[in-house]
Each structure stands twice: as structure tokens, then as C-alpha cells.
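# Fold and contact review
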Amino acid sequence: MALSWNEIKRLAIIFQHDWKDATRENADSQTYWNDFFNIFGINRRRVATFEHNVSKHGGDRGRIDVFWPGTLLIESKSAGKSLEEAKNQALGYFPGIKEADLPRYILLGDLQSFRLIDLEENTDISFPLNELITHIDQFGFIAGYSPKTYHEGPEANILAAEKMGKLHDALKAGGYEGHELEVLLVRLLFCLFADDTTIFSPGIFYELIDLKTSPDGSDLGERLSMLFQTLNKPLEKRANTLDESLAAFPYINGKLFEQPLEIASFSKNMRDMLLECCAIKWEKISPAIFGSLFQSVMNPKICRDLGAHYTSEKNIKKVIGPLFMDELKAEFTKIKTSTSKLTQFHKKISQLRFLDPACGCGNFLVISYREIRLLEMEVINELLSHGRLTLNIEQLTLCDVNSFYGIEIEEFPAQIAQVAMWLTDHQMNMLVSKRFGQYFVRLPLLKSANILHADALVIDWQSLVEHDSTEMQEIRYDYILGNPPFIGSKLMTQDQRDKIKLLFGSNGAGVLDYVCGWYLKAAQYMKANPENYITRTAFVSTNSIVQGEQVAILWGKLILQYNMRIQFAHRTFKWSNEGRGVAAVYCVIVCYGTQDIPNKTIYDYETPKSEPMSIEAININPYLVDAGNIVIEKRSKPICKVPEMSFGNMPLDGGHLLLSDEEKRDLETREPDAKKFIRPLISAYEFLNGLKRWCLWLEEASPDELRKMPMVLERIKAVKVFRESSIAPSTQKFALTPALFRDRNIPETSYVFIPRHSSENRGIIPLDYLSPKNIISDSCLSVPNATLYHFGVLTSKMHMAWVKYVCGRLKSDFRYSKDIVYNNYPWPKSPAQKDVEKIEQLAQAVLDARAVFPGSSLADLYDPISMPPALSKAHHALDAAVDKLYRPQAFPDERRRIEYLFGLYEQYTADLFVKKKTRKSVKNK
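Reference entry: report on the structure contained in this document. Numbering of residues starts from 1 in each chain and follows the order in which that chain's sequence is written. Local features are withheld for residues below a pLDDT of 70 in this predicted model, meaning they are given only at 70 or higher, and side-chain atom pairs are given and counted only at 80 or more; totals for whole chains, interfaces and linings count all residues. Hydrogen atoms and water are omitted, and side-chain values are computed over all heavy atoms in the structure.

## Some remarks on the overall build of the protein chain
Secondary structure is summarised from DSSP: a helix means a run of H or I of at least four residues, a strand means a run of E of at least two, and numbering begins at the N terminus for each. In terms of regular secondary structure, the protein chain is built from 34 helices and 26 strands. Taken along its principal axes, the extent of the C-alpha atoms in the protein chain is 115 × 70 × 60 Å. Throughout this description, buried means an accessible area under 20% of the type-specific maximum (1.4 Å probe, protein chains only), exposed means over 50%, and partly exposed covers the range between. A buried classification covers 56% of the 925 residues belonging to the protein chain. Nonlocal contacts in the protein chain, meaning residues at least 24 apart in sequence, comprise 72% of its contacts between residues at least 6 apart. Using the Shrake-Rupley algorithm and a 1.4 Å probe, accessible areas are obtained, with residue cover drawn only from the displayed protein chains. If you sum the accessible surface of the protein chain, you get close to 41,500 Å²; carbon and sulfur atoms cover 49% of it. In this tally Asp and Glu are treated as negative and Lys and Arg as positive; neither His nor the chain ends contributes. We put the charge of a Lys on NZ, of an Arg on CZ, of an Asp on CG and of a Glu on CD. Across the protein chain, the 112 positively charged side chains and the 115 negatively charged ones have centroids separated by 6 Å. Throughout, a contact is declared for two residues whenever any of their heavy atoms are within 4.5 Å.

## A look at the pattern of salt bridges
The salt bridge criterion pairs a side-chain nitrogen of Lys or Arg with a carboxyl oxygen of Asp or Glu, the two atoms within 4 Å. Taken as a whole and judged by the stated rule, the model has 40 salt bridges. Asp400 is paired through a salt bridge with Arg442; the nearest N and O atoms lie 3.3 Å apart. Taken together, the residues span a long stretch of sequence, with Asp400 in the loop between α18 (393-396) and β8 (404-408) and Arg442 in the loop between α19 (411-436) and β9 (450-453) at a distance of 42 residues. An identical accessibility class is assigned to Asp400 and Arg442; each is buried. Taking the shortest distance from any N to any O, the salt bridge between Lys664 and Glu668 comes out at 3.3 Å. Taken as a pair, Lys664 and Glu668 lie in helix α23 (residues 661-670) at a separation of four residues, close to a single helical turn. Among the ionic contacts, a cluster of salt bridges with common partners joins Arg373, Glu376, Asp400, Asp425 and Arg442.

## Considering the environment of Ala552
In this structure, Ala552 sits in helix α22 (residues 550-561). Once the C-alpha coordinates of Ala552 and Ile416 are considered, the two residues, 136 residues apart in sequence, prove to be 37 Å apart.

## Things to note about the side chain of Ser782
Structurally, the position occupied by Ser782 is in strand β24 (residues 780-784). The exposure class assigned to Ser782 is buried, which follows from its relative accessible area of 0%.

## Considering helix α8 (residues 178-196)
A helix is expected to span 1.5 Å multiplied by its residue count minus one. The first and last C-alpha atoms of α8 sit 28 Å apart over 19 residues, in line with the 27 Å expected at 1.5 Å per residue. Extensive coverage of α8 is indicated by the burial of 16 of its 19 residues. Phi turns positive, to about 70 degrees, at Thr198, one or two residues after α8.

So, in C-alpha cells, the structure goes:
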């Protein structure tokens, strides 16, 4: 009777360990190959001979090292010898072998590596001795098992997820959908993985589908249903009459196969799809595949509504490294020579608890668990090296999946997360087996990750660990981590908006993104910890939470009310994942907690696509700057004595008061009286790209003049209809003045012009200094009564540093604001008149450098690639002069500028805050 696969795996591990140092063919070869056959319960002498005599091509005689007629030819070499030469030597024996005895397989080995060639399937695989356990299924023919044939196909990667997605779509189109489809797909995923990774005997799931079901797929659903029942039943409780193809499957348990499902109806096409999935090498699976799987089967609209973005392993490590892994590794290095301290450390890491309150398909939990298990292997290895422990890997392995918790609002990804953790556990157990020479598998599944299908913003996070608590000690999470949904405030559903308002209160909560709910819930959890318990939280989220008006509302609450302190942070970087249709999202990572730790780190990026550089910080404020914990609130007036900023002019006209170049020419030709009412209209897009647009500015037009312009009157009537037909009362009221723009802010003198949105690729927001004849649209801002001095400071690197850290963003582009950016900007303190005049001269030099290229748009002039050297030089001179207005020493980089500006802001606003408190105090008296 053939050995069980579990026994074969156990013996393979022993073989790997026993022969890891063998090098000499002559001394070791025969014993080596006898032991190799023993792995499969085969006495080599019964099937194969050593030194088998054979005629070689050309008439010479040769000796085959090991020959099993009709099955296997082995050619052995000393360690390091060429296996390609061994292959040629083996093939040279074939002319002298009887046709009936020709082997299907050629096995080449140098005692430390293998190369197996299947002449029927035309496959050729090579691997080192220490990976024998991984490839042991390829040698099933020695024990009498039929080999699984891998059809031509890729390794398990994103394509594997897409194949599963196609199967999902086909089943759904056939009417099998909802909860049962999701459970079926997750079970199939487990079986595919198990078929390739020694959970099942290699290939038996594939053979069940390929050999035991009808080619038309008609009985596949029923066969799968019987398989799921079998996997959920202990061996001793299975019927004696159970089909042997089902009886070969192990008992899995773990509740994965517990629930009865309606039997799915498969077609021939669906069966072929499942076989294609079987033919993929699922043993090569990456944990990130599970998120990609979910993403590949979701409707894109649903994906956006749920904020379902799956983080790559690279970005996950940006979180878990500084959150806990770096610290744990450093502690391990420090205490590794002490057996007692190592034992305590081992116990410590096995008792750590991790929560991802928006876990999706479990990527953060999977990678975290994998890294903890890898560290545990190092601990076990070190303990064994001290010589005081007996190698019993089952007792020495303490870390398990039940220390990991997740909350997920959607059922399907929650199920995938559960399975992903089991499969990762098995992967790690296989690594343990290979490393320590003892076969280790956890079957049946007795423990599982605690994944709750629920709304994280509604439930109590502590409820997941309550069953772990004892009367002696309340169990708390050590680490909270993840990437909560990326949903902007304007994209949330009413239900999502209501949850945020319930958490934050109605005051200002309407501008908060959905992710802010997770930040506050985590802060509430950490604040409620007992004094002796410390939890740390790190989230990946869109960079909007550290920019613009959200900062004061979110971080004002976290810092002032809950006493949170930021411990490390990654500034803006471009988010990437391993799914189909990677989203363009710009993210930050923020780690915070109740501890004000001494060693804080900011990870900065030269560009959002660059690699991070670490910077030590004394304090990290909500803008991710090494400065005091300030929050910049909306302010109606500037904090410094500078001209006030105004909004542009909103037409609210349905386009009827606006003119293109062609429309302007036509109107002036047919109604010459209209010419004096046509003014240049400057919007951000036209301004930056050198385009012309015009508008009818009729503020000073008399009724008599309007009656003489019927074409203009037709446009005015169209505006009236547009405004009257609106459902918004605020728009309807402007139907009473249809000849006028809704907003009319016309500077009487020259003014600084600022586009409200500008690409971050430019590095500089292209401003301008314009005359009053231009009408600026509501896509722009103006500073009336400004001088060239104001223009010079606003277009400098000092001001741009402030913009980058304080303004809101649209993706990564700047979104300039009056109340947040301009009114809070700390201008230089009382500059001398000569310094003001110098700035004005240098500002004019910038305008002059632009004027040299009248045919170039500002977008071209300020493109980093095409910016003229003369313009760049003019800006550098201006930047240096503005820097000196703040301090004599030059600022070496942007970081020093923003740190200085935040310090200056604290000085300027200190009196404002004091006055507020004083007035309140007097009133209370």
C-alpha cells in the first residue's frame, strides 16, 4: 500500500536534513538514492538497479547510475557538477535501451540539487535539495500516484485572480449569485491552493474535476457539494462506501465547509474555466492576490463607493515596519544571547494582538502574520542553538492566526480574509518544516483569524476580543492598522455622511472624508485603555487628512480632546496596488497614540513616486512637519497687515454671458454697440494655457443701450430662463438680475491673480500681476490693491512651502484657498523699505523674463522641462531675497522653510488665542 502524502512529506523533510552536507558522488551516491526511494516507501532494489550496463551511441558501453525500466533513469554527479552535461550523458544511453524499457522520466542530481525531466509532458524543472518538500508532488509516480499535469499557464499572479473573476462572472450570469456564489468561490480558492501546497495530496482536486466529472459540466456542482461535505467531516465519521476519490481528501474543519450550499449548475465552459484555474501554480501565490481577486470581480462603481483600494506589500511594509516589526527585530537582536530573555520575548510576540478595522481581503493581516512568523523562526532557531531545548516544532511554534482580528463591512472580502490567513499559516508551516527538518501542518483547522462581517464605524471594536478576556486581565489590541476606505467628503452616501456627523458632531463634519471616522474611533479606543496598556495605530489614508480645512476639525479633536501624538509619518506618496485598474491615489501614513515617544520619524518623498528618506523629528504636527502641534483654522481676515484676498466672479449663467473668440467677432460685427461691454475673462485654465475667452460685462449698461442690442438681449433672456429653472432657491433669486454675473468683484487697481487649482508638477503656482480691465472667473482668486512686493512674496519658494503643506489638494494638485492658505500665511516681519523695493524690482524681473516669450503659455513657461533659463534665474534671485526677509541665513531646503513658517505662525497667532481665552474668561465672571 502506498504511503500517505503526509508520511512522504515527513520523510522528505528528514531526507533534506540528513543530506544537506553531501558533496561526493563516489562516496555517497548509492546510499543517497536508496534513501531517496525510501521517502516514498519503495525499496530501491525491488524496482531499480545501480550501474546498469547499456550500449551507448557509437557502440561504446556505459553504466546508468540508477535505472528503473519503463519509468526512471537517474544520472548522478558530485556537488557543483554540470547537470546539463549529465542530461546529455543520460540521453546518450537511450539508443541502447529496449523500446519497452524506455523511461518516461530523467532525474539528474548532484546531491544538492535536482532536475526532473518528464519526456511525455515535455516539462523540465530544477530546484535545490532544500526545496524538495515544495516539489515532492512531482515524484508521486515513484509511490504509485498519478502525477498532476500542469497545462501551459502562468504562475499564480494577477492573471490567476482574473481567471477566478471570469468564473465568478459566468456563474453569476447563470443565475447563481449572492452569498452562496461568494462562499462557493472562496471554497474553490482554498481547494486550488490546497491542491498545490500539500494540504491535499498533490493534484487530487484537479483529478476529481478532470476525471470524475462529466465533460459537459452537468454533474460538477453535485460533485463539489459532496466534496465540501467530505472536507467538513472527520475521517472516522465518513461512510465506508465513500468514493475513494473523495475519501482521499483530509478533514479540514475550520467552519469553511460547514454551511450547506445550493448546488451550482455548471456548463462545459464553466468546467473548462475551473480546470484552467487548476492548471495554475497556486503554490506561488502572493498574499496580495486575495485583494486583487476581490477587486477583479467587483463592479467598478461599487468599488468606488466602498473605497475598496488594495494596498501593495511594499506599502504595507511602510506601515508595519516602523509600527512594530523594526522594534521587535531590534529587541530580538539585543537579547538573543539570553535563553530566559528569548523565551520571554517568544511568549510576548505570540500574545501580541493586531486589529485591522477595515481589513478588506486581509492583506495587512496576512503580511503582518507572515512577518511575525518569520521572526518567530529566528527566535526558535536561536533557542535551539543554545542547546537547552529538544526539537519539537509543534510545541515550539507558539504564534497562531487567532491573535489577528479584522472588521469588514462586505461579506465576500471578509470570507477571503479568513481563508487568506489559513493559507498563509500553511505557507509558514511549510517554511518551518523545511528549516527545522520536521514536518509541521495544522490540520484539521482548529484556530482561525477573528474576522467580523460588520460596520466598523458602528460596532464596539473591543467586542472582538471580549471572549479572550479573563477576570484577571482585560485583553486589548497592541496594534491597530490598515487602509480604511478612500472616500472623499463629496462622494459619500448619506448613510456614510450621517455616521461621520454622529462621531464628530455637526460642526464642520461635512468637510471630512470617510476615513476620518476610523481615525477618531481608534483614538477613542486608545484613550480608553487601562493605564498599563498601550495601543498604537497606523493607517494609510489619502493625504487630504493632513491638508486644508480637514486638519483643524480632525486633528483638533484628536490632539486637544484625546491627547493623541503622531509617532511616525510618511508624507505624500503615490499609492499603488497589485490589482487590475490601479487607482491614482495620493496617500500618507500616520502612526499615532497616547504616548509622546522621544524618537519620531518623518519619511519624506522628493516626488510622490520617489523612495522615502527618513528624517528624525522632535515633534510631528498634523501637517507632518517637525513643529508645534498647531491646527490652522479658517480665518476671514489675514493674520498680517496685507491686502485682503477676494474671490473671482461667478457667472452662474449657463454659459450665455461667455464668448469664444469666434462668438466675440461675430457679435462685434453684427452689433458694434456691444463692443464696449465685452471684457477679457480670465479663468484658471485659459490663463495657464494662453487661451482667450471673453464675457459680456453689463454692469454699467443702461436699459436703452440694451434695447439696441437684440442679440445681447437674447443672451440675457437665456440667463433668466436658466436661473429660473434651477431647483436651488439661491440660484433662482439671481433671475432678477439676468444681465449680471452672480458675483462681481472688480479690483479698482492692479491686483495679484492666483488660479485656485494648479498642477503640483510645476513646483510654482504661476501667479500674475494684472490691470483692472480683466474680469477673473470664479476659478481664480485676486488680491486687490496689491503691489509688486505682494506679488513677489506670493510667488516665492517661502510661500510655496506654505501652500504645499497647508492647502487642500485635488489628487496631488494644489487647491489654493483664501481662508486657510492666504489669511493664515505668516508674512515677513516689518521689512525695511529698501528690502520691499528690492523685492518689487526682482518681481518685475520675473514678469519681464516671461514677456520675452509672448507666444508661450504659462503652462509651458513653468513646465520643469521647458522653463526658460532666464525665467528660472529670475525666480532664484527673487527666492533668495524673500528668504532674507525672514532670516539672514539661507534656507537649505523646503523642510527648513516650512518648519520656520510654522514657528512664525505660532508667534503671530499667540496673541489671538490669548485674546479669545481672555474674553471668554471675563464673560464667565
